[in-house]
Amino acid sequence: MATAELKDNKETRNSESGEFKDQVIYVGRVTKVVKGGKNFSFSALVVVGDGNGKVGFGLGKALEVPSAIKKGIESAKRNMIKVPLTPNGSLPHPVTGIFGSGSVLLKPAPEGTGIIAGAAVRAIMEAAGVHNVMTKSLGSSNPHNVVRATFEGLKDLMDPYTVLTNRGLDQAEV
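Residues numbered from 1 in each chain as written. Predicted model: local features only at pLDDT ≥ 70, side-chain atom pairs only at ≥ 80, totals over all residues. Heavy atoms only, no water.

1. Concerning the side chain of Ser75
- Mapped onto the elements, Ser75 comes out in helix α2 (residues 65-78).
- Filtering out sequence-adjacent residues up to four positions away, Ser75 remains in contact with Phe57, Gly58 and Leu59. (Helix = DSSP H or I, 4+ residues; strand = E, 2+ residues; numbered from the N terminus. Contact = heavy atoms within 4.5 Å.)

2. Some words on the packing of helix α3 (residues 119-128) against helix α4 (residues 143-156)
- One way to put it is that α3 packs onto α4 with a least axis distance of 9 Å and a crossing angle of 40 degrees. Relative to α4, the element α3 is oriented oblique. In the crossing of α3 with α4, the sense of the turn from one axis to the other is right-handed. Contacts from Ala120, Val121, Ile124 and Met125 of α3 reach α4 at Val146, Val147, Thr150, Phe151 and Leu154.
- The residue makeup of the contact of α3 with α4, split by class, is eight nonpolar, one polar and no charged. (Axes fitted to C-alpha atoms, helices over the stretch in contact; angles between N-to-C directions. Parallel < 35°, antiparallel > 145°, perpendicular 65-115°, else oblique. Left-handed = near helix turned anticlockwise from the far one by under 90°. Nonpolar A, V, L, I, M, F, W, Y, C, P; charged D, E, K, R; others polar.)

3. Some thoughts on the confidence of the model for the protein
- Chain-level pLDDT for the protein is 87 on average; 89% of the residues reach the 70-or-more range.
- Contacts of residues 1-17 to residues separated by more than four positions or lying in other chains number two contacts, the stretch itself having pLDDT below 50. (pLDDT = per-residue confidence, 0-100.)

4. Topic: the nonpolar core
- Counting 26 residues, the largest nonpolar core has Val55, Leu91, Leu106, Met125 and Leu154 as its most contacted members.
- Once you skip the residues sitting within four places of it in the chain, Leu106 turns out to touch Leu91, His93, Pro94, Val95, Val121, Met125, Met134, Thr135, Thr150, Gly153 and Leu154.
- Judged by nonpolar contacts, the second largest core, of nine residues, contains Ala44, Val46, Ala62 and Ile73. (Core = buried A, V, L, I, M, F, W, Y, C linked by side-chain atoms within 4.5 Å. Buried < 20%, exposed > 50% of the residue type's maximum accessible area, 1.4 Å probe, protein only.)

Encoded structure:
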């Protein structure tokens, strides 16, 4: 009976993860030196998105790589943000995200450009559903800083209709 319940939970989990696609950005091996020797563990930086404007990242730490990735996915699903997209699958306006000593410039691109980005930023853009964007990573190339800087930039994006509403303008006036 417990096995049947476990099987049902596993199927539910797989159907839930079917709507999100995840991508591992970085897996690091961490060593802690103790009196008896060295203890190894792993950390995994993971991005999860639905391909339609929702994206999140998470960091998982465990003694084994698959467990670390699983924890990272769960953390990413809890920390998702909504990214405004234009009809051609680009960003509404240029933005720079800064975290620590790393900064990432995100610029909208015309239809057919594709994703011009490094590995970490490319994974985030693909998970978010952005199809046309040009990016440049400045400063730190540490994957953690690059991912966090990219998310800071994505948080700063504003939907054009929201800006019009905040300014008290009607969409027909523009």
